[in-house]
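So the chains spell out like this:
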Amino acid sequence: MSTAVALSAEQAVWKPKVNPWTIGVVVSLAAFMEVLDTSIANVALPYIAGNLGASNDESTWVLTTYLVANAIVLPMSGFLVGWLGRKRFFMTCIVFFTLSSFLCGIAPSLGLLLLFRVMQGTFGGGLQPMVQAILTDTFPPEKRGMAFALYGITMVCAPAIGPTLGGWITDNYSWRWIFYINVPVGILATLLVYQLLEDPPYLSRLKTSIARFDYIGFTLLVLGVSALQITLDKGQEDDWFGSRFITTLIVIAAVSLVSLVAWEWFHKEPLVDVQLFKIFNFASCNLMFFALGVALLGGTVLIPLFLQTLMGYTAEIAGLVLSGSAVLLLLLIPLVGRLTSRFQSRHLIAFGWITMALGMFISCKQIDTLISFRAASWLRIVQYLPVGFLMVPITASGYVGISKEKTNAAAGLMNFTRNIGMSVGTSAVTTLITRRSQYHQSVLAEHTRSGRFDAAVAGLANRLTHAGLNMHLAHEQALGRMYVMLGAQAQALSYVDVYWLFTVMCLLMFCLSFLLEKNTPGEGEVGPVH
């Protein structure tokens, strides 16, 4: 009893020796480096394939291997902190992420590059949740909103500049430099973390013995997450259940992940603390992070895909459509951080979801093959700006009811669900566009039997005849052009369907936000601890 009282008192008065904002900037630098690496390699894949003598399909494994390794580490980061200590684990991740980045840069073959990308993803997976957990312990509850806003800026800024920076480096230097640039940043981050960071007292009580390592849980986690991530990345390319390989992976993922939850639920020292999902706030915020990941990356894929495939935009100009919203979001996130100290998180979350639903609904009405660059930019802004009212408050709300000892495990699981949501969003968007385009094309084809369609073809053929073509060739070209127009309209309608789906999802999350537990803004009490 006296030990517990002493521990509580020690935790209550503990404060970092260094200014919390200095710590926040340093650890966010490490997170920025890792998040940047998830998107910077995308544009370099053709160069990597050409340089290493690989096909374009083989080069996509450079992305897949990183995402698989990254996803495996995220949910088990709480256990690893208990085993190594948070500072030691965080520094280990930075050091080996930096080393593996250098090895990726010097890789002489695709096989070795994939091996080093697995290393990079493994150690990079521990950075994001640790930054979140460090900010939670370093800042008092009334200041966590602004701290999470700092972290949110890195999460928004890195993916926005990653493809542009990667393209510029690849065009002007070499694809190898997209990995080399991590080296000086990693060395600086390691030195600063070593000097400034310290573990809170409660972490010294969480040491876990290597003899109690959950080997069964680890095996199920690796099998389930690997199969799931590869399925999401390669499913559309291989026609999902039309491929025996993808079908097998889906079965492995389902069996392994269900078995993992059942095993870890009753395990005394679980590798993944699935019992955290008994806390309603935590489970709800994880569901919201999953939905946010779907909308965040799915929406980011939609507009450039629409502009490039249907409007003929180059990748650079399509990227400029996204840049305005990213800049505005960078300005908004610090404001939302301040608002979390004045308003309940659930109210900010509700506002974010309803405004995102409105943005998606407007997109349903405005997206078409005649949209201008300016209109597309404004559509992206109304879709993306509400993210500022979601990322920070959901993070803050997810810790309501979580004890300090569970902070690291909670951070890992929240980052895991968001990343899986982003993978699901990308796969869902590409699959829905393909399938719904086929459906709408079949429906529109029914109308080609009408007299109005025949009249339109005849009118176009007549104009082509006046342009100098003979009657037969003019009729064939008229039919061909009408078919192209029909296909473009079918694709445009498929984008409308996806935006309708996003609208419904956002409305469901809006309703869920009112069920979240109340917190007390601006005070140290953030809800009951379970």
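This text goes with the structure placed above it.
Not measured: the values here are computed from a predicted model.

Undergrad: Explain a nonpolar patch on the surface residue by residue, including any values.
TA: A surface patch of nonpolar side chains, about 340 Å² in accessible area, is lined by Leu358, Phe361, Ile362 and Trp500. Among the elements that line the nonpolar patch, the one with the most residues is helix H16 (residues 345-366), at 3 residues. Looking at the element boundaries, isoleucine 362 is found in helix H16.

Undergrad: Any chance you could break down unusual backbone geometry for me, citing the residues and the numbers?
TA: Excluding glycine, residues mostly carry a negative phi; peptide bonds, for their part, are mostly trans. With a phi close to 70°, aspartate 239 is a non-glycine residue in the positive phi region. Within the secondary structure layout, aspartate 239 lies in the loop between helix H12 (215-234) and helix H13 (244-266). Look at tryptophan 240: it is not a glycine, yet its phi comes out positive at around 45°. Inspection of the secondary structure assignment puts tryptophan 240 in the loop between H12 and H13.

Undergrad: Go over the packing of H16 against helix H18 (residues 388-398) with me, naming the residues and quoting the values.
TA: Running from amino to carboxyl end, H16 crosses H18 at an angle of 145°, the nearest separation of the two axes being 9 Å. Read as a crossing pair, H16 and H18 show a hand that is left-handed. Contact residues: H16 offers Ser345, Leu348, Ile349, Phe351, Gly352, Trp353 and Met356, while H18 offers Phe389, Leu390, Pro393, Ile394, Ala396 and Ser397. The residue inventory of the contact of H16 with H18, partitioned by class, reads 10 nonpolar, 3 polar and no charged.

Undergrad: Describe the side chain of threonine 231, listing the residues and the values that go with them.
TA: By secondary structure assignment, the location of threonine 231 is in helix H12. In contact with threonine 231, not counting residues within four places along its chain, are Trp240, Ile246, Leu249 and Ile250.

Undergrad: Describe in detail helix H8 (residues 127-138), supporting the description with residues and values.
TA: Because the α-helix completes a turn every 3.6 residues, residues three or four places apart line up on one side. In a regular helix each residue adds 1.5 Å, so 12 residues correspond to 16 Å; H8 covers 16 Å between its end C-alpha atoms and thus fits that length. Among the 12 residues of H8, 12 are classified as buried, and the element is accordingly described as predominantly covered. What H8 keeps buried is the set Leu127, Gln128, Pro129, Met130, Val131, Gln132, Ala133, Ile134, Leu135, Thr136, Asp137 and Thr138.

Undergrad: Describe the pattern of salt bridges, listing the residues and the values that go with them.
TA: All chains considered together, the criterion is met by 4 salt bridges. Here arginine 86 and aspartate 137 are joined by a salt bridge, their closest N and O atoms 2.8 Å apart. Taken together, the residues arginine 86 in helix H6 (residues 86-106) and aspartate 137 in helix H8 connect sequence positions 51 residues apart. Here the two residues arginine 86 and aspartate 137 agree in accessibility, since each one is buried. The salt bridge partner of arginine 436 is aspartate 497, with a shortest N-O separation of 2.8 Å. Taken as a pair, arginine 436 in helix H19 (residues 407-446) and aspartate 497 in helix H21 (residues 471-513) lie far apart in primary sequence, 61 residues in all.

Undergrad: Please give an account of the packing of aromatic side chains that cites residues and values.
TA: Taken as a whole and assessed by the stated rule, the structure comprises 11 aromatic pairs. Consider the rings of phenylalanine 148 and tyrosine 399, whose centres lie 6.0 Å apart with planes at 15°: the pair is stacked. Of the two residues, phenylalanine 148 is situated in helix H9 (residues 144-172) and tyrosine 399 in the loop between H18 and H19; the sequence distance between them amounts to 251 residues. Residue class for tyrosine 399 comes out buried when judged on its relative accessible area of 5%. Look at phenylalanine 306 and tyrosine 495: their rings are 5.0 Å apart centre to centre, the planes differ by 85°, and that puts the pair in the edge-to-face class. On the criterion of sequence distance, the pair formed by phenylalanine 306 in helix H14 (residues 280-310) and tyrosine 495 in helix H21 is long-range, its members being 189 residues apart. In this structure an aromatic cluster arises from ring pairing among Phe102, Trp177 and Tyr180. Taking the ring centre of tyrosine 194 as reference, the NZ or CZ of lysine 87 above it sits at 5.2 Å. Looking at arginine 380, its charged tip hangs above the ring of tyrosine 384, at a distance of 4.1 Å from the centre.

Cut-offs applied
Residues numbered from 1 in each chain as written. Predicted model: local features only at pLDDT ≥ 70, side-chain atom pairs only at ≥ 80, totals over all residues. Heavy atoms only, no water. Patch = residues over 30% accessible without salt bridge, like charges linked within 9 Å, V, L, I, M, F, W, Y side chains within 5 Å. Areas by Shrake-Rupley, 256 points an atom, 1.4 Å probe, with all protein chains shown as cover. Salt bridge = Lys/Arg side-chain N within 4 Å of Asp/Glu carboxyl O. Helix = DSSP H or I, 4+ residues; strand = E, 2+ residues; numbered from the N terminus. Axes fitted to C-alpha atoms, helices over the stretch in contact; angles between N-to-C directions. Left-handed = near helix turned anticlockwise from the far one by under 90°. Contact = heavy atoms within 4.5 Å. Nonpolar A, V, L, I, M, F, W, Y, C, P; charged D, E, K, R; others polar. Expected span 1.5 Å × (residues − 1). Buried < 20%, exposed > 50% of the residue type's maximum accessible area, 1.4 Å probe, protein only. Phe/Tyr/Trp six-rings, centres within 6.5 Å; stacked < 30°, edge-to-face > 60°. Lys NZ or Arg CZ within 6 Å of the ring centre and 35° of its normal.

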